[in-house]
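# Structural description and commentary
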Amino acid sequence: MAAVFTDANFENEVLQSANLSVVDFWAPWCGPCIALGPTIDALSKEYEGKVNVGKVNVDENPNLSVDYGVTSIPCVLFIKNGQVVDKQVGAAPKSAFEKKIQQHLA
């Protein structure tokens, strides 16, 4: 199951992590976000211990959305060493996320 990132734990869990973080900005009322959920959960299992995979509910954590300029969801940010290194806006196949993860793990 993907981690839950919030305004309160984002700094510690994502920005200060030595691992690549894959952060899914979503909302429960967003159809494409719901469709992407199982992909994000699968990635969190596959890359456990190597990549932090989690979700930010934009309704409950509006500050993060503003901080990262998230205006469309789903929006998945790839964050490494505290910096956004890649981004995927909109739903995409699992292979698209795996390709981005592999690029940034190398």
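Refer to the structure presented above.
Let me begin by describing the structure that accompanies this report.

### As for the packing of aromatic side chains
Counted according to the given criterion, the structure contains two aromatic pairs. Geometrically, the ring pair formed by phenylalanine 5 and phenylalanine 10 is edge-to-face, given 6.3 Å between the ring centres and 90° between the ring planes. For the pair phenylalanine 5 and phenylalanine 10, a shared accessibility class is recorded, and that class is buried. Among the aromatic residues, ring-to-ring pairing joins Phe5, Phe10 and Tyr68 into one connected group. Looking at lysine 55, its charged tip hangs above the ring of tryptophan 26, at a distance of 4.9 Å from the centre.

### So, the pattern of salt bridges
Evaluated as defined, the whole model comprises three salt bridges. Residues aspartate 86 and lysine 100 are paired through a salt bridge, measuring 3.1 Å at the closest nitrogen-oxygen approach. Of this pair, aspartate 86 sits in strand S5 (residues 83-89) while lysine 100 sits in helix H4 (residues 94-105), and the two are 14 residues apart along the sequence. For the residue pair aspartate 86 and lysine 100, the accessibility class agrees, reading buried in each case. Two residues, glutamate 98 and lysine 94, come together in a salt bridge whose shortest N-O distance is 3.5 Å. Pair noted here: glutamate 98 and lysine 94 are both in helix H4, with a separation of four residues, about one helical turn. Given the relative accessible area of 23%, glutamate 98 is considered partly exposed.

Conventions used here
Numbers given for residues are sequential positions, taken from 1 along each chain in its written order. Selection of residues for local features in this predicted model requires a pLDDT of at least 70, selection of side-chain atom pairs for listing and counting requires 80 or more, and totals for whole chains, interfaces and linings are taken over all residues. Excluding hydrogens and water, the side-chain figures rest on all heavy atoms present in the structure. By convention, a stacked pair of Phe, Tyr or Trp rings (six-membered ring in the case of Trp) has centres within 6.5 Å and planes under 30 degrees apart, an edge-to-face pair has planes over 60 apart, and any other such pair is tilted. Exposure classes here rest on a 1.4 Å probe applied to the protein chains alone. A residue is buried below 20% of its type maximum, exposed above 50%, and partly exposed in between. For a ring to carry a charge above it, either NZ of a lysine or CZ of an arginine must fall within 6 Å of the ring centroid while also lying within 35 degrees of the normal to the ring plane. Counted as salt bridges are all cases of a side-chain nitrogen of Lys or Arg within 4 Å of a carboxyl oxygen of Asp or Glu. Labels follow the DSSP assignment, with helices taken as runs of H or I lasting at least four residues and strands as runs of E lasting at least two, numbered in each case from the N terminus.

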